[in-house]
Amino acid sequence: MNSVTIGPKGQVISLTIADNTTRFHAIWLRDNALDKDSRSTGNGQRLISLRDINASTHVSHAQLNHDCVQITFMPENKTIQYPLDWLMTHAYDKPVNTVKGWHKPTQVLWDSSIMSNLPQANFDSIAASPKALQAWLSDIARFGFAKLNGGPVQAGALTQVVDLFGHLRETNYGRIFEVRVEEKPTNLAYTGLALQAHTDNPYRDPVPTIQVLYCLESSAPGGDNVLVDGFKAATQLQQESPHGFDLLSCYCARFEYAGEDDVCLQSKRPMIEIAADGQLQGIRFNNRSAAPFTDIPFEHMADYYAAYRRLGEIIDDPASEVGFRLNPGDCFVIDNTRVLHARKAFSGAGTRWLQGCYADMDGLLSRLAVLNNTQDNALAVEEKYYEESL
């Protein structure tokens, strides 16, 4: 049986649903009020600041009303209604995860075993179907990457991919950059050399969080693309060497790029980035762009390099990677804060021409959230129609 009770001095309410009790503070409830005086009905943004809420705010009355709870706050003497499902979705009275290096439950860590079932879709399908687009974007959010096959074979077509979920992010490389052999390359990516798995632009702060690589020509032998789950690699390092994991996440590495006369990009960040609550947030791994490390204490430097070496060995292990060849019109999209990409060497015979660009993960996740909400609303309408037809 559902119930709601008020704690001492009205500072806390306890909401019991199906024998599970969750507590909420009065100040939190008032700050997150959903009524039209507290939030804009048009965009959901707050209309009041914390300074507008009395510091002695407390609950004087609370009662359940169908699928909502009505709460009266004093000294305002204001009654506000909260949907029960909204409260449970945003509940914070739960066990605290004290383990360092955890990842979102929705993120699936992977290795070479997924080669037989790579996340991928057809360009025409996701361009025409919101449901297909939703599934493809969900794969990127879950796995950190997804392929897209059968797109237009024309220069600049990768912008059509980004238009499906967000906006291009321009850098010193331009809105679009060419990945093919140059006579005087400003970056090793513009050679036929093999490239170790890496994240792009670690010398930039913030890094571009999405990268798209789109194939236009692919007749040169070799040059296959390789992807590695950086979160999986970091997790393996932590299991093997908790001390090494701590060193790479506690101390900052330095990265630099000065391959052009008018560019000198520098950053100082840990190779393994951990949020304040212990969540694994990002990987910065790029040997080509590593600057001298000067922020690790002398007594830890040897162990730091041992951990750095071991992380590289895990990343280089064929058991960690998936590999594939892109045909003209194919591309892949990666979460550049999580998934590392590499390239096998290729010869001068034939041609290999890819175009690349950057975008941002927040745009992709925003588009996915909208599609998810649209799908949920459609299902709710279908369920209601079904119930009414019985």
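Shown above is the structure to which this text applies.
A few points on the structure. The structure presented is a predicted model; accordingly, all values stated were derived computationally and were not measured. (Residues numbered from 1 in each chain as written. Predicted model: local features only at pLDDT ≥ 70, side-chain atom pairs only at ≥ 80, totals over all residues. Heavy atoms only, no water.)

**Remarks on the overall build of the protein**
Here is step 1 of the chain: In terms of regular secondary structure, the protein is built from nine helices and 20 strands.
Here is step 2 of the chain: For the C-alpha atoms alone, the extent of the protein along its principal axes is close to 75 × 65 × 40 Å.
Here is step 3 of the chain: When the accessible surface of the protein is split by element, carbon and sulfur atoms take 51% of a total near 19900 Å².
Here is step 4 of the chain: Charge-centre separation for the protein: the mean point of 34 positive side chains lies 2 Å from the mean point of 46 negative side chains. (Helix = DSSP H or I, 4+ residues; strand = E, 2+ residues; numbered from the N terminus. Areas by Shrake-Rupley, 256 points an atom, 1.4 Å probe, with all protein chains shown as cover. Lys, Arg positive; Asp, Glu negative; His and termini not counted. Charge placed at Lys NZ, Arg CZ, Asp CG, Glu CD.)

**Observations regarding empty space enclosed by the protein**
Here is step 1 of the chain: The tally for this structure, following the rule as stated, stands at one cavity of 30 Å³ or more.
Here is step 2 of the chain: In this model, the largest cavity occupies a volume close to 50 Å³.
Here is step 3 of the chain: For the lining of the largest cavity, the secondary structure elements donating two or more residues are β11 (210–218) and β20 (352–359).
Here is step 4 of the chain: In terms of residue class, the lining of the largest cavity is made up of three nonpolar, four polar and two charged. (1 Å grid on protein atoms, 1.4 Å probe; cavity = no way out; pocket = protein on both sides within 12 Å on 5 of 7 lines; lining within 4 Å. Points joined across faces, edges and corners; volume = space filled by probe spheres on them. Nonpolar A, V, L, I, M, F, W, Y, C, P; charged D, E, K, R; others polar.)

**Focus on the sheet that holds strand β8 (residues 145–149)**
Two orientations exist for strands paired in a sheet by backbone hydrogen bonds: parallel and antiparallel.
Here is step 1 of the chain: The strand order β7-β8-β18-β11-β20-β9 describes an open sheet built from six strands, whose pairing is mixed. The outermost strands of the open sheet, each flanked by one partner alone, are β7 (120–122) and β9 (177–179). Neighbour to neighbour, the strand axes of the sheet diverge by 25° on average, direction disregarded.
Here is step 2 of the chain: Bridging between β7 and β8 involves three bridges; their strand directions are parallel. From the neighbouring strand, A121 faces β8, where its bridge partner is L148.
Here is step 3 of the chain: Where helix α4 (residues 130–143) meets the sheet, it contacts β7, β8 and β18 (331–335), and its direction lies at approximately 145° from that of β8. (Pairing = 2+ DSSP bridges. Axes fitted to C-alpha atoms, helices over the stretch in contact; angles between N-to-C directions. Contact = heavy atoms within 4.5 Å.)

**Digging into the side chain of D330**
Here is step 1 of the chain: Residue position: D330 is located in the loop between β17 (321–324) and β18.
Here is step 2 of the chain: Of the side chains bearing the opposite charge, K147 lies closest to the buried D330, which forms no salt bridge; the N-O distance is 4.8 Å.
Here is step 3 of the chain: If we skip the residues at most four places from it in the chain, D330 touches L148, N149, G150, L213, Y214 and C215. (Buried < 20%, exposed > 50% of the residue type's maximum accessible area, 1.4 Å probe, protein only. Salt bridge = Lys/Arg side-chain N within 4 Å of Asp/Glu carboxyl O.)

**Observations concerning helix α8 (residues 298–316)**
Here is step 1 of the chain: In this model α8 runs 28 Å from its N-terminal to its C-terminal C-alpha over 19 residues, within 8% of the 27 Å that 1.5 Å per residue would give.
Here is step 2 of the chain: For α8, the complete set of buried residues consists of Y304, A307, Y308, L311, G312, I314 and I315.
Here is step 3 of the chain: Turning to α8, the residues buried within the fold contact β10 (195–198), β12 (225–229), α6 (230–240), α7 (242–250), β13 (253–257) and β19 (339–343). (Expected span 1.5 Å × (residues − 1).)

**Let's talk about α4**
It helps to recall that an α-helix has 3.6 residues per turn; residues three or four apart then point in one direction.
Here is step 1 of the chain: For α4, spanning 14 residues, the distance from its first C-alpha to its last is 20 Å, which sits close to the expected 20 Å at 1.5 Å a residue.
Here is step 2 of the chain: Buried residues of α4: L133, Q134, W136, L137, S138, D139, I140 and F143, and no others.
Here is step 3 of the chain: The positive-phi residue at the C-terminal boundary of α4 is G144, with phi of around 85°.

**Some details on the packing of α6 against α8**
Here is step 1 of the chain: Taken N-terminus to C-terminus, the directions of α6 and α8 make an angle of 130°; their axes are 9 Å apart at the nearest point. Relative to α8, α6 is oriented oblique. With respect to the hand of their crossing, α6 and α8 are arranged in right-handed fashion. Every residue of α8 that contacts α6 at A233, A234, Q236, L237 and E240 is listed here: A307, R310, L311, I314 and I315. (Parallel < 35°, antiparallel > 145°, perpendicular 65-115°, else oblique. Left-handed = near helix turned anticlockwise from the far one by under 90°.)

**Let's talk about the pattern of salt bridges**
Here is step 1 of the chain: Here the structure, examined in full by the defined rule, presents 20 salt bridges.
Here is step 2 of the chain: We note a salt bridge from K36 to D37, for which the minimum N-O separation is 3.7 Å.
Here is step 3 of the chain: The exposure class assigned to K36 is exposed, which follows from its relative accessible area of 62%.
Here is step 4 of the chain: Judged by its relative accessible area of 44%, D37 is partly exposed.
Here is step 5 of the chain: Salt-bridge contacts for R269 lead to E273; the nearest nitrogen and oxygen are separated by 3.6 Å.
Here is step 6 of the chain: On the accessibility criterion, R269 (31% relative accessible area) is partly exposed.
Here is step 7 of the chain: Taking relative accessible area as the criterion, E273 reaches 18% and is therefore assigned buried.

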